[in-house]
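Geometric and topological summary
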Amino acid sequence: VLTMMTAPQWVMLVTYWLMISIQSGNCKVNLPINVYWNASNPMFRTSNNKNIIHVKMSDHVNFICPRYPKSTKDDEMEYYDIYNVSKKSYDNCVITETEARPLLTCIRPNGHHARQYTLLITPFMPIPGAVEFNERSSYYFITTSTGAKSELNNCYHGACLEKNMKIMLIVA
């Protein structure tokens, strides 16, 4: 019977199911975790462990690039490449081609909209090259860019070492 339904009927059925699930409390919406990737973010201070984020399956983590007014000068803005890396690269603040996976390039800090990359914490992603997660595992994200536009592609130390701009995601 379900295979004989038209597209509008499917939409109505799914909408009805969602309404019943929400009313009965069976549908839980996870709010995204926003990581504002700029040097002034307090989570990157070395005096705390706020750059360690605990997540669970089906959570969303948004990596959000810095954004500035159009009148801001180039040398007053921050530019970063963000990578998913191994524990060794995380600890040493080094990008190696063999193990680093580019995640986001923050190249237009005074654009109309802030650039962001959303990670869905799930064990399977249908997109080739996307990060896939396992429970009870840690995942590492760093930038070795210095923040200057001319050093966007820097592969050693940069803001990772100098400003502690690195994140560890721990999947529960």
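Residues numbered from 1 in each chain as written. Predicted model: local features only at pLDDT ≥ 70, side-chain atom pairs only at ≥ 80, totals over all residues. Heavy atoms only, no water.

**Description of the nonpolar core**
One finds Val 35, Trp 37, Phe 63, Leu 119, Ile 167 and Leu 169 to be the most contacted residues of the largest nonpolar core, which totals 25 residues. Of all the secondary-structure elements, those providing two or more residues to this core are β2 (52-55), β3 (60-64), β4 (80-85), β5 (101-106), β7 (137-142) and β8 (166-171). Dropping the residues within four chain positions of it, Leu 169 is found in contact with Ile 53, Val 55, Val 61, Leu 119, Ile 121, Phe 133, Ser 137, Ser 138, Tyr 139 and Phe 141. Counting residues in hydrophobic clusters, the runner-up holds ten residues, among them Tyr 90, Ile 95, Ile 142 and Cys 160. (Core = buried A, V, L, I, M, F, W, Y, C linked by side-chain atoms within 4.5 Å. Buried < 20%, exposed > 50% of the residue type's maximum accessible area, 1.4 Å probe, protein only. Helix = DSSP H or I, 4+ residues; strand = E, 2+ residues; numbered from the N terminus. Contact = heavy atoms within 4.5 Å.)

**Brief notes about the pattern of salt bridges**
Applying the stated criterion to the full structure yields four salt bridges. As a salt-bridge pair, Lys 149 and Asp 74 come within 3.8 Å of each other at their nearest N and O atoms. Of this pair, Lys 149 sits in the loop between β7 and α3 (158-162) while Asp 74 sits in the loop between β3 and β4, and the two are 75 residues apart along the sequence. (Salt bridge = Lys/Arg side-chain N within 4 Å of Asp/Glu carboxyl O.)

**Digging into the state of the cysteines**
The final tally for this structure, using the stated rule, is two disulfides. One disulfide in the model links Cys 65 with Cys 106; its S-S distance is 2.1 Å. One quick way to see it: the torsion about the S-S bond of Cys 65 and Cys 106 is about -75°, and its sign makes the bridge left-handed. Separated by 41 residues along the polypeptide, Cys 65 in the loop between β3 and β4 and Cys 106 in strand β5 bring together distant segments of the chain. Neither Cys 65 nor Cys 106 differs from the other in exposure class; each is buried. At a sulfur-sulfur separation of 2.1 Å, the disulfide partner of Cys 93 is Cys 160. Handedness of the Cys 93-Cys 160 disulfide follows from its S-S torsion of about -65°: it is left-handed. On the criterion of sequence distance, the pair formed by Cys 93 in the loop between α2 (87-92) and β5 and Cys 160 in helix α3 is long-range, its members being 67 residues apart. Cys 160 shares its class with Cys 93; the two are buried. With its disulfide-bonded cysteines labelled consecutively along the sequence, the protein chain is connected as 1-3, 2-4. (Disulfide = S-S within 2.5 Å.)

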